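What follows is the residue order along each chain.
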Amino acid sequence: NTGVATALTNGTTAITALATNPDGSVVTGVASVTVNLAATTEPIISLAIVPNSQTASVVGQTAQFVAIGTTASGTTVNLTNQSATVNGATINAAVWGSSSAAVATINPATGLATSVSPGTVAITAQAKNPDGTVVTETATFVVTSTTEPLVSIAIVPGTQTLSTTGET
């Protein structure tokens, strides 16, 4: 009725107008409308860290965490150490952090945690959307021991015989 076209999605369509004259004849006009929408941003609405909890039994042991972002439409993207493109918009890789570098450190770009001393830390991943909003998720990393104790020592071979002076 109004002649107003509304863009819904990319593409080209024909718009036709019809008018009926008093004598019953019909006059038509046709126009072409092309919609070329810029990339639409579908932000990350939730972030999951996989696995959600890991344990290290010795100092220096490493554990890899993975960040998976989910959009409103259900699209999932790996943001562990790489950017992702969602509907033409770039979502930066997650930035990783540890609640205590005295217990465990984590590479802020890759999500690889390294145990430092006994304790429990929160491992966080943050994804920043193109509109500036930030989505954060937390996992747990437990370090149970500073060293793994020796339980036995073996000398191999158990016996040897030396027959000359200076022989090793």
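Reference entry: report on the structure contained in this document. (Residues numbered from 1 in each chain as written. Predicted model: local features only at pLDDT ≥ 70, side-chain atom pairs only at ≥ 80, totals over all residues. Heavy atoms only, no water.)

## Looking at the side chain of threonine 80
Put simply, the rule is: For the purposes of this entry, the term helix denotes a DSSP run of H or I that reaches at least four residues, the term strand denotes a run of E that reaches at least two, and both are numbered from the N terminus. Between N or O atoms, a polar contact is any pair within 3.5 Å; within protein, one atom must be a potential hydrogen donor and the other a potential acceptor, and residues adjacent in sequence are included only when both atoms are from side chains. Contact between two residues is taken to exist if any of their heavy atoms lie within 4.5 Å; hydrogens are not considered.
By the secondary structure assignment, threonine 80 is in the loop between strand S7 (76-78) and strand S8 (84-86). Here asparagine 78 takes part through its side chain, which lies 2.6 Å from a polar atom of the side chain of threonine 80. Aside from chain neighbours lying at most four places away, what touches threonine 80 is Gln64, Phe65, Val66, Ala67, Ala94, Trp96, Ala109 and Thr110.

## What about the packing of aromatic side chains?
To describe a pair of aromatic rings, one takes the distance between the centres and the angle between the planes. For clarity, the cut-off: Classification of ring pairs uses Phe, Tyr and Trp, with its six-membered ring standing for Trp, and accepts pairs whose centres are within 6.5 Å; under 30 degrees between planes counts as stacked, over 60 as edge-to-face, and the remaining range as tilted. Exposed residues in this analysis have more than 50% of their type's maximum accessible area, buried residues have under 20%, and partly exposed residues fall in between, with area computed by a 1.4 Å probe over protein chains only.
Applying the stated rule across the entire model yields one aromatic pair. Here phenylalanine 65 and phenylalanine 141 contribute two aromatic rings whose centre-to-centre distance is 6.1 Å and whose plane-to-plane angle is 85 degrees, an arrangement assigned as edge-to-face. Remark: phenylalanine 141 occurs in strand S14 (residues 134-143) and phenylalanine 65 occurs in the loop between strand S5 (62-64) and strand S6 (66-71); sequence separation between them is 76 residues. Each member of the pair, phenylalanine 65 together with phenylalanine 141, is buried.

## Re the sheet that holds S7
Cut-off, in case you're wondering: Strand pairing requires that DSSP identify at least two bridges connecting the strands. Here, axes are lines fitted to C-alpha atoms. For helices the fit covers the stretch in contact, and angles between N-to-C directions go from 0 to 180 degrees.
One open sheet accounts for three strands, arranged S3-S6-S7; its pairing is antiparallel. The sheet is open, and its two borders are formed by strand S3 (44-50) and S7, each paired with just one other strand. Ignoring strand direction, the axes of neighbouring strands in this sheet form an average angle of 25 degrees. Relative to S7, S6 runs antiparallel, the two being bridged by three bridges. Bridging from a neighbouring strand, glycine 69 pairs with valine 77 of S7.

## A short note on the nonpolar core
As a reminder of what qualifies: To form a nonpolar core, buried Ala, Val, Leu, Ile, Met, Phe, Trp, Tyr and Cys residues must be joined to one another through side-chain atoms within 4.5 Å.
Grouped together as the largest cluster of nonpolar side chains are 26 residues, with contacts concentrated most on Leu47, Phe65, Leu79, Trp96, Ile123, Ala125 and Phe141. Counting only elements with at least two residues in this core, the list comes to S3, S8, strand S11 (104-106), strand S13 (119-128) and S14. Once you skip the residues sitting within four places of it in the chain, leucine 47 turns out to touch Ala67, Ile68, Gly69, Leu79, Ala125, Gln126, Ala127, Val135 and Glu137.

## Structural notes on unusual backbone geometry
Looking along the chain, the bond that leaves valine 50 and enters proline 51 is cis, with omega of -10 degrees. Examined against the element boundaries, proline 51 turns out to sit in the loop between S3 and strand S4 (53-56).

## Here we look at the sheet that holds S5
One open sheet holds the three strands; their spatial order is S5-S12-S11, and the pairing between them is antiparallel. The open sheet is flanked by S5 and S11, the only strands paired with a single partner. Neighbour-to-neighbour, the strand axes of the sheet open up by a mean angle of 20 degrees, direction not taken into account. Bridge count between S11 and strand S12 (residues 112-115): three bridges; the pairing is antiparallel. Each residue of the ladder has a partner; that of alanine 104, found in S12, is serine 115.

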